[in-house]
Amino acid sequence: MRHRDLFTRSNRLRLRYIVGLVAITSLTLTSFLGSMSSSVAFAPARSELARMDMPSPKSDVILASVSAEADLEEGIIQDIEQDDADKAVAPLLYALESEGNLAGGDVMGPAQLKDMVAREDVIEIGAGDTIGGALQVAGVGGAAAYRVVKAMGKHYDPRSIKPGQAISLRMEPSANGMELAALSMKINATTEIVIARDTQGRFVAVLDKKQVILHTKAAKAKIETSLYGSAARAGIPASIVAEIIKIYSYDVDFQRDIRRGDQIEALYETYETEEGDFARYGHVLYANLMVGGKKIPVYRYESKGGVVDYYRENGTSLKRILMQTPIDGARMSSGFGMRHHPVLGYNKMHKGVDFAAPRGTPIYAAGNGTIEKAGRHGGYGNYIRIRHSNGLKTAYAHMRKFAKGMSSGKRVTQGQIIGYVGTTGRSTGPHLHFEVLKGGKQVNPKSIKSSVGEKLAGKSLKNFKQEIFLIKQKYASLGGDTKFANNAHSD
Ligand SMILES: [Zn+2]
């Protein structure tokens with residue numbers, strides 16, 4: 001770390017160290033070159049390490065070169081060589097130190113010198129703070145704070161700010177004292193919003209996206225009493241489990257079919273930043289759900305026409321005319337089986353199947369169709385009935401509320417959110433009561449088997465088989481083909 005030299009050798013410039021804020025202060029080209037300005041000189045917070053690890057300066061104009069170097073690190077200035085930057089700034093600095101004059105002719109006394117030092121602060125949003133309010137507390141003028149928040153609104157809703165959010169500020173000297181030159185804020189793992197003054201002094205917001213790298217992961221879990229719990233212990237994240245539930249929702253009733261001892265395998269993608277921070281999940285490439293001793297391996301395949309679907313090894317799609325689990329799996333009660341949730345299966349008396357889930361859990365249209373009824377319906381409470389092809393209908397009861405625009409005559413597509421779980425009508429707790437009707441009579445949803453997905457054939461089947469081979473190879477190479485994750489303790 002060389003910043004210690006920096007302090008001793010440049011003490012003529014009286015660097016101030018701002019404790020509790022960012023590590024060091026620096027003087028920028030901006031202060032002297034006027035409107036060449038903020039877009040050039042501002043370096044977002046992640047260059048701070050670079051600033052601290054700067055090479056030993058060759059001359060007394062160290063601060064200017066420091067700043068130029070930091071900008072080079074950022075790749076913002078790509079065409080200015082270090083030497084040129086030194087030459088450009090050195091005469092100005094010397095003039096400033098010896099005569100107290102700026103090139104522009106403004107008279108500056110030595111006492112004002114230390115006010116010429118730009119600084120970088122990091123502020124943290126507190127509970128109940130607004131961005132505008134926090135900026136003003138940090139010394140940004142009210143008008144500037146207002147304009148920053150307005151500029152930010154193009155890419156990010158300032159009202160969605162959460163306590164603990166850090167914001168890096170760059171304050172620079174101006175005729176009116178210290179002014180905000182630029183600001184940066186990380187809005188998710190890969191994106192930073194950067195707001196800086198343009199040459200006219202207006203605040204402009206841009207998004208700075210980091211590169212992400214694709215990784216593939218393999219995992220295997222044996223289900224004890226909870227699918228999510230067992231998957232989590234085997235390292236399968238909840239959102240991947242939810243995706244797998246969606247893939248199998250045509251085939252499997254996740255609230256009744258899954259039992260202790262069933263197994264799940266998955267090969268899925270994750271994206272990470274170059275620093276190795278998690279960014280987001282990608283696709284599930286392969287999944288194998290083993291229910292009641294029956295294996296259902298499926299593979300993701302994108303046909304030449306761009307149709308993405310999950311297929312069994314023989315090339316048949318998992319898609320069916322109706323889903324067996326028409327509810328958001330991510331929020332379905334994690335405890336599977338009757339022990340935790342006394343959930344009714346289909347029987348002649350009950351005439352439907354119930355899915356226990358928290359209030360507000362999204363409910364999906366089980367298939368493509370047209371809404372026949374959406375409204376109160378006696379003991380069913382808030383109720384939607386959809387007419388599908390083949391004389392089939394589905395009904396959804398006890399909803400808390402409907403999704404926007406749901407009314408009779410409206411067309412819906414399979415998997416579209418039609419409403420949210422509630423406990424309206426004759427109901428003892430939040431759940432979805434789901435019915436499948438054939439010829440006007442309730443039937444067991446499991447009796448509806450008609451497939452609607454594409455069946456791969458010819459060249460696409462050949463390509464698909466090749467893909468399966470590669471996926472299997474990948475799964476084995478990632479150690480997914482060894483033993484099942486050991487769940488020593490129960491959920
Ligand atoms: Zn019911």
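The rules behind these values
Each chain carries its own residue numbering, running from 1 in the written order of its sequence. Reporting in this predicted model follows two pLDDT cut-offs: at least 70 for local features of residues, and 80 or more for side-chain atom pairs to be given and counted; totals over whole chains, interfaces and linings ignore these cut-offs and use all residues. By convention in this description, side-chain values take in all heavy atoms of the structure and omit both hydrogens and water. A donor here means an N, O or S atom no more than 2.8 Å from the metal, or no more than 3.2 Å when the metal is Na, K or Ca. Since water is not included, a site may seem to lack partners. Metal sites are grouped by the angles between bound donors: all angles between 85 and 135 degrees with four donors is tetrahedral, opposite donors over 155 degrees apart with the others between 65 and 115 is square planar for four donors and octahedral for six, and any other pattern is irregular. Secondary structure is summarised from DSSP: a helix means a run of H or I of at least four residues, a strand means a run of E of at least two, and numbering begins at the N terminus for each. The cut-offs for exposure are 20% and 50% of the maximum accessible area for each residue type, with area from a 1.4 Å probe on protein chains only; residues under the lower value are buried, those over the upper are exposed, and the others partly exposed. Centres within 6.5 Å make a pair out of two Phe, Tyr or Trp rings, where for Trp the six-membered ring is used; the pair is then stacked when the planes are under 30 degrees apart, edge-to-face when over 60, and tilted otherwise. By the convention used here, strands pair only if DSSP detects at least 2 bridges between them. The axes are straight lines fitted to the C-alpha atoms, using for helices just the contacting stretch, and the angles between their N-to-C directions are given from 0 to 180°. The contact definition used throughout considers only heavy atoms, calling two residues in contact when any of these lie within 4.5 Å. Salt bridges are defined by distance alone: a side-chain nitrogen of Lys or Arg within 4 Å of a carboxyl oxygen of Asp or Glu.

This part takes up the coordination of the zinc ion. Looking at the zinc ion, the protein donor atoms are His350 (NE2), Asp354 (OD), Asp354 (OD) and His433 (ND1), and they sit 2.0 to 2.7 Å from it. Classification of the site at the zinc ion as irregular follows from its four donor atoms and the range of 53 to 155 degrees in their angles at the metal. Coordination of the zinc ion draws on donor residues from a single chain, spaced H-x3-D-x78-H in sequence. Here His350 is found in the loop between strand 10 (308-311) and strand 11 (353-356), whereas its partner His433 is found in strand 19 (residues 431-438), with 83 residues between them in sequence. Judged by relative accessible area, which is 6%, His433 ranks as buried.

Another aspect to go through is the packing of aromatic side chains. Throughout the structure, instances matching the rule amount to ten aromatic pairs. Ring centres of Tyr396 and Phe434 lie 5.4 Å apart, and the angle between their planes is 40 degrees; this geometry places the pair in the tilted category. Of the two residues, Tyr396 sits in strand 15 (residues 392-399) while Phe434 sits in strand 19, which places them 38 residues apart along the sequence. With respect to class, Tyr396 is no different from Phe434; both count as buried.

This part takes up the pairing of strand 3 (residues 177-186). For strand 2 (residues 166-174) and strand 3, the ladder comprises seven bridges, and the chain directions are antiparallel. Its bridge partner being in strand 3, Pro173 is matched across the sheet by Met178. Hairpin connection, strand 2 to strand 3: the antiparallel pair is bridged by two residues. Relative to strand 4 (residues 191-197), strand 3 runs antiparallel, the two being bridged by five bridges. If you follow Leu183 over to strand 4, its bridge partner there is Ile195.

One open sheet accounts for three strands, arranged 12-18-16; its pairing is antiparallel. At either end of the open sheet lies a strand with only one pairing partner, and these are strand 12 (362-364) and strand 16 (401-402). Here strand 12 pairs with strand 18 (residues 417-420) via three bridges, running antiparallel. Across the sheet, the residue bridging to Ile363 is Gly419, located in strand 18.

In this section: the sheet that holds strand 5 (residues 203-209). Taken together, the five strands give an open sheet; going across it, the order is 1-2-3-4-5, and neighbouring strands pair in antiparallel fashion. The sheet is open, and its two borders are formed by strand 1 (119-124) and strand 5, each paired with just one other strand. Pairwise comparison of adjacent strand axes, ignoring direction, gives a mean angle of 25 degrees for this sheet. Strand direction decides the pairing type here: strand 1 and strand 2, joined by six bridges, are antiparallel. Residue pairing across strands places Ile123 opposite Ile167, the latter belonging to strand 2. Of the strands in this sheet, strand 3, strand 4 and strand 5 touch helix 8 (residues 142-152), which is tilted by about 45 degrees from strand 5.

A separate point is the pattern of salt bridges. By the definition in use, this model includes 19 salt bridges. Residues Glu120 and Arg170 are paired through a salt bridge, measuring 2.6 Å at the closest nitrogen-oxygen approach. Placement of the pair is Glu120 in strand 1 and Arg170 in strand 2, with a sequence separation of 50 residues. There is no split in this pair, since Glu120 and Arg170 are both buried. A salt bridge links Arg170 to Glu172; the shortest N-O distance between them is 2.7 Å. What makes Arg170 buried here is its relative accessible area of 0%. Classification of Glu172 as buried rests on a relative accessible area of 7%. Counted as one network, the salt bridges with shared partners bring together Glu372, Arg385, Arg387 and Lys393.

As far as function goes, none of this settles anything; it's purely spatial.
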